Amino acid sequence: MTTRIIINGNEVTNPFSRALLIMSAILIIALVTTVVIFILLPLIGIAVTLSIGFVLIFIIAAVVSVVSLALMMALSGKFFGTTDFRIERIYRESHD
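The structure displayed is predicted, hence computed values, not measured ones.

A look at the overall build of the protein
Stage number 1. The helix and strand tally for the protein stands at 2 helices and 3 strands.
Stage number 2. The helix and strand sequence of the protein, counted from the amino end, reads β-β-α-α-β.
Stage number 3. By residue count, 14% of the 96 residues in the protein fall in the buried class.
Stage number 4. Of the contacts made within the protein by residues no fewer than 6 positions apart, 65% connect residues no fewer than 24 positions apart.
Stage number 5. Entry remark: accessible area of the protein is about 7,800 Å², with carbon and sulfur atoms responsible for 72%.

Put into structure tokens, the structure is as follows:
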């Protein structure tokens, strides 16, 4: 099972670039989660001490990260032109 990262129709094959893209995606998700947990929730008065609260935090963080990714893609498309960004998984079937 191979993961392909395609940007503007070209596949990223450099292992360093692939690792950098994956690590930056993880870092952005961690930053969004941190902002939601430590800034937004205390501002609106939600205590982050119950286990149900933690489940809500992860759901909110996932939704916010998807929205922020879509917003950043729209803004970068507006400022820098059309951008195509796909990550595909290839499943190879074994032929017996």
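That shown, we press on.
Some details on helix α1 (residues 15-43)
Stage number 1. Look at α1: 41 Å from first C-alpha to last across 29 residues, which is about the 42 Å you get at 1.5 Å a residue.
Stage number 2. Along its length, α1 shows its largest kink, about 35°, at V36.
Stage number 3. Restricting attention to buried positions, one finds in α1 the residues V32, T33, V36, I37 and L41.
Stage number 4. N-cap assignment for α1: the residue whose side-chain oxygen lies 3.1 Å from the backbone N of F16 is N14.

Looking at the side chain of T33
Stage number 1. Mapping T33 onto the fold places it in helix α1.
Stage number 2. T33 sits in the buried class, given a relative accessible area of 14%.
Stage number 3. For T33, the side chain forms a polar contact with the main-chain oxygen of I29, separated by 2.8 Å.

Concerning the environment of V32
Stage number 1. Mapped onto the elements, V32 comes out in helix α1.
Stage number 2. What makes V32 buried here is its relative accessible area of 15%.
Stage number 3. The contact partners of V32, leaving out residues within four places of it in the chain, are A61, V64, S65 and S68.

Quick look at a nonpolar patch on the surface
Stage number 1. On the surface, V35, F38, I39, L40, L43 and I44 cluster together to form a nonpolar patch covering roughly 650 Å² of accessible area.
Stage number 2. Here L43 shows up in helix α1.
Stage number 3. Judged by its relative accessible area of 68%, L43 is exposed.

Criteria and thresholds
Residue numbers restart at each chain and count upward from 1, following the sequence in its written direction. Only residues with pLDDT of 70 or above have their local features reported here, since the model is predicted, and side-chain atom pairs are shown and tallied only from 80 upward, although totals for entire chains, interfaces and linings are computed over all residues. Only hydrogens and water are removed before side-chain values are computed, so all heavy atoms of the structure are retained for them. Under the scheme used here, helices are H or I runs from DSSP no shorter than 4 residues and strands are E runs no shorter than 2 residues, and both carry numbers assigned from the N terminus. We call a residue buried when its accessible area falls under 20% of the maximum for its residue type, exposed when it is over 50%, and partly exposed in between, using a 1.4 Å probe and counting protein chains only. Any two residues whose heavy atoms approach within 4.5 Å at even a single point are treated as in contact. Reported accessibility uses the Shrake-Rupley method at a 1.4 Å probe radius. Residues are deemed covered only where the shown protein chains occlude them. Each residue after the first adds 1.5 Å to the expected span of a helix. Here the bend at a residue means the angle between the axes of two seven-residue stretches, the one that ends at it and the one that starts at it. By the criterion applied in these results, polar contacts are pairs of N or O atoms within 3.5 Å in which, for protein atoms, one can donate a hydrogen and the other can accept it, and in which residues neighboring in sequence qualify only through two side-chain atoms. Candidate patch residues must exceed 30% relative accessible area and have no salt bridge, after which like charges are joined if within 9 Å and Val, Leu, Ile, Met, Phe, Trp or Tyr side chains if within 5 Å. A carboxyl oxygen of Asp or Glu within 4 Å of a side-chain nitrogen of Lys or Arg is what we treat as a salt bridge.

Fair warning: the whole summary comes from geometry, so function is off the table for now.
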